[in-house]
Amino acid sequence: MAIFGAVFLGFVLAKTTYSRAITFGVFTSALVFVPAPYLVGASGLRQALALVGLIASALAGLAVVRFTPEVPASTSGVIKTEFYNLDVHTYSRAFPKSAVAGGSLARIEDRYLLLSGDGHLHLFSREAGDSLTIKTLPYRVPINGDAFSAAAGRPWSAGVGWGPEEAQRRQAGHEILNPEWFRTYGLLVQEVGASTRIFVSHAFWHVAEECWTERISVLESNRAAILRGEVGLEWRALYETTPCLPVRGEYRRRGIPFVGYFGGGRMALLNADTLLLTVGDFGFDGLASVHAYAQDSSASYGKTVAINIADGRARTFTIGHRNPQGLYIDPSGTVWLTEHGPQGGDELNRLLPGANYGWPYATYGTDYGSFAWPLNKPEPEQKGYEAPVFAWVPSIGVSNLLVVERGLLPEWRGDLLIASLKAAALFRARVRDGQVKYLEPIAIGSRIRDLVEGHDGTLMLWTDDQQMISLRPKEGVTGETLFAEKCGGCHQSSLTNGNRIGPDLLGIVGRQVASVGSYPDYSPSLRRMGGIWTEERLEEFLRAPSNFCPGTMMDFAGDASATERRAILSYLRTL
């Protein structure tokens, strides 16, 4: 027990995270290794030496487990969309682990920058063979999360969540600060000749006043020097929101006083001299607080703000926003914004200078656990507010968005790609005549925090589980892509959600014909055929289904290409 306690005291003092496996391993080692010398009949000096050796071995093993870096992993797959089979590469554990969730992406030259939630900048590029080359730059953003965590009384580390003690305190009416929500929000790179400006929006804690603001810090220097990681470059504060938001006292937010994920913080360039910033209302909405800051002209919150890059002077661009998580200015100058509603009512907005977007008095969402939003004005009184182009009910948890501009995905050019957290998907919005004509959901499977289109048109996604995902149209002809293109609309290659129009094809090679019990719609002619599906029979069927089995209900004319049939058969063998 002494060894167990000492090891974990070291973990706590070093603010180190550790897994359940390490917890169990240390405890088991302490129980087994300490009495071991006494059980083997040793005595005196031999006993002491054996004890020291066993303890040293245990601690050495723990050090290897704890301090051996995680091995990066890369997986690939295919996602079928309306116009493309997408080649998907997912990079796990490729970047140093951030203390908190979040993060943002930007292009710089022909490479990319990743901003972690805790303020580190990582320069990376995609290389031949779809590997990543990564370099951490020595320019930590001046986000003072440690000062905030000291005020919160909890460590500034990822995955803290609400423990049983905090849950009991909340039930008893105590208000809790969560350091996990104190993080960076947005990243923007401006390249001007040989110079580069890196803008970062982030939370900032004012220790003496016990309040926080949203700040923009900027790093400016010669681009080559930044890319080399030249030391000595300094950040400067460009802009800070007002007023400072308190966590204690009469004017704090009630319930949970700090909801840092309501910060917005996305940035775009209105022109070479003017930065546009989205600022969330941080939950000061007139319901959980005295003030409804989104409609208060004296406050920065719940607004988009145009900032002069030279001197930091700011003016309000639009008002009436809750949590604007996405911002993009397309080549025509149209400003697109996505923002979170409450329970439902996520919005896609087209920003017009001086317009009021209604929050908290006009929303399609409802209060959590309720069937209405208490502050909604009657519809006749909402005519002064700008309505969204599109709203999601229920919410998808929108994050950032972009307009496809490059030529890698020509069928998508001009479409909006909208990332989501809750839905773990991309939504492709076809916008024509100012209206969203349709949305195509593209399942990704992870909460997408940010996305960027590379110089070559590759789409890069950053997720809340700290994975990087690249999307490109699938090149070349493989059995998997041919299956997705020609067969995947009616047949599944796995048992994920039952049968589609046709039966699943899992284990089709060597399977009895018309034998999937959960599929009732086989044609009578196929049921009468009998036997098993050999590769030869499948090859004939794929060439011309109606010739092989007259009367089949298969809505597929066949594939005349022997090369493509062999590729599909090769893939079917793997199922």
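Residues numbered from 1 in each chain as written. Predicted model: local features only at pLDDT ≥ 70, side-chain atom pairs only at ≥ 80, totals over all residues. Heavy atoms only, no water.

## Examining the sheet that holds strand E21 (residues 416-420)
And step 1. Strand order across the open sheet formed by 4 strands is E20-E21-E22-E23, with antiparallel pairing between neighbours. With partners counted over all chains shown, the strands left at the sheet margins are strand E20 (398-403) and strand E23 (435-443), one partner each. Across the sheet, the axes of successive neighbouring strands diverge by a mean angle of 25°, strand direction being ignored.
And step 2. Note: E20 against E21, 4 bridges, orientation antiparallel. (Pairing = 2+ DSSP bridges. Helix = DSSP H or I, 4+ residues; strand = E, 2+ residues; numbered from the N terminus. Axes fitted to C-alpha atoms, helices over the stretch in contact; angles between N-to-C directions.)

## Quick notes on the packing of helix H10 (residues 535-543) against helix H12 (residues 562-573)
And step 1. Here H10 crosses H12 at 135°, and the two axes come no closer than 10 Å. Here H10 is positioned oblique relative to H12, judged by the angle of their axes. When the axes of H10 and H12 are compared, the crossing they make is right-handed. Here Glu-535, Leu-538, Glu-539, Leu-542 and Arg-543 of H10 come into contact with H12, specifically with Arg-565, Ile-568, Leu-569 and Arg-573.
And step 2. Considering only residue class, the contact of H10 with H12 consists of 4 nonpolar, no polar and 5 charged. (Parallel < 35°, antiparallel > 145°, perpendicular 65-115°, else oblique. Left-handed = near helix turned anticlockwise from the far one by under 90°. Contact = heavy atoms within 4.5 Å. Nonpolar A, V, L, I, M, F, W, Y, C, P; charged D, E, K, R; others polar.)

## Comments concerning the pattern of salt bridges
And step 1. Summed over all chains, the structure comprises 27 salt bridges.
And step 2. Of the charged contacts, one joins Arg-447 and Asp-464 as a salt bridge, the two residues approaching to 3.1 Å between their closest N and O atoms. Of this pair, Arg-447 sits in the loop between E23 and strand E24 (448-453) while Asp-464 sits in the loop between strand E25 (459-463) and strand E26 (467-473), and the two are 17 residues apart along the sequence.
And step 3. Look at Asp-464 and you get buried, because its relative accessible area is 18%.
And step 4. Members of the salt-bridge network, linked through shared partners, are Glu-82, Asp-415, Arg-428, Arg-430, Arg-432 and Glu-440. (Salt bridge = Lys/Arg side-chain N within 4 Å of Asp/Glu carboxyl O. Buried < 20%, exposed > 50% of the residue type's maximum accessible area, 1.4 Å probe, protein only.)

## As for the sheet that holds strand E12 (residues 264-271)
And step 1. Pairing is antiparallel across the open sheet formed by 4 strands, whose spatial order is E12-E13-E14-E15. Of all the strands in the sheet, the pair left with one neighbour each is E12 and strand E15 (314-319). Neighbour to neighbour, the strand axes of the sheet diverge by 25° on average, direction disregarded.

## Structural notes on H10
Because an α-helix completes one turn every 3.6 residues, residues spaced three or four positions apart along the sequence face the same direction.
And step 1. Of all the positions in H10, only Leu-538, Glu-539, Phe-541 and Leu-542 are classed as buried. All buried residues of H10 lie within an arc of 165° about the axis, which places them on one face of the element.
And step 2. In the core, the buried residues of H10 are packed alongside helix H11 (545-548) and H12. (Arc of directions from axis to C-beta.)

## Considering the packing of helix H8 (residues 479-486) against H12
And step 1. Here H8 crosses H12 at 100°, and the two axes come no closer than 8 Å. As summarised for this structure, H8 and H12 are arranged roughly perpendicular, according to the angle between their axes. The residues of H12 that touch H8, namely those facing Gly-479, Glu-480, Leu-482, Phe-483 and Lys-486, are Glu-564, Ala-567, Ile-568, Tyr-571 and Leu-572.
And step 2. Looking at side-chain class alone, the contact of H8 with H12 contains 6 nonpolar, 1 polar and 3 charged residues.

## Focus on the environment of Ser-300
And step 1. Secondary-structure assignment places Ser-300 in the loop between strand E13 (274-279) and strand E14 (303-308).
And step 2. When the C-alpha positions of Ser-300 and Thr-213 are compared, they lie 9.8 Å apart, and in sequence the two are 87 residues distant.
And step 3. With sequence-adjacent residues up to four places away left out, Ser-300 is seen in contact with Tyr-239, Thr-241, Thr-242, Val-279 and Val-305.
And step 4. One polar contact links Ser-300 to Tyr-239, side chain to side chain, over a distance of 3.3 Å. (Polar contact = N/O pair within 3.5 Å; in protein donor to acceptor, adjacent residues only side chain to side chain.)

## Notes on the side chain of Thr-81
And step 1. Among the secondary structure elements, Thr-81 is positioned in the loop between strand E1 (73-80) and strand E2 (85-92).
And step 2. For Thr-81, a relative accessible area of 6% puts it in the buried group.
And step 3. At a separation of 2.7 Å, a polar atom in the side chain of Thr-81 contacts the main-chain carbonyl oxygen of Tyr-84.
And step 4. Residues within four places of Thr-81 in sequence aside, it is in contact with Leu-86, Trp-412, Glu-440 and Ile-442.

## Things to note about the nonpolar core
Most often, soluble globular proteins keep nonpolar side chains buried together rather than apart.
And step 1. Core analysis: the largest hydrophobic core is formed by 36 residues, its most contacted members being Phe-199, Ile-216 and Leu-275.
And step 2. Contributing elements (two or more residues each) for this core: helix H5 (145-152), strand E7 (184-192), strand E8 (195-206), strand E9 (211-222), strand E10 (235-240), E13 and E14.
And step 3. Once residues within four sequence positions are removed from consideration, Phe-199 is found in contact with Gly-186, Leu-187, Leu-188, Gln-190, Ile-216, Ser-217, Val-218, Leu-238, Met-267, Leu-275 and Ile-309.
And step 4. Counting 22 residues, the second-largest nonpolar core is a separate cluster that includes Tyr-522, Leu-542, Cys-549 and Leu-572. (Core = buried A, V, L, I, M, F, W, Y, C linked by side-chain atoms within 4.5 Å.)

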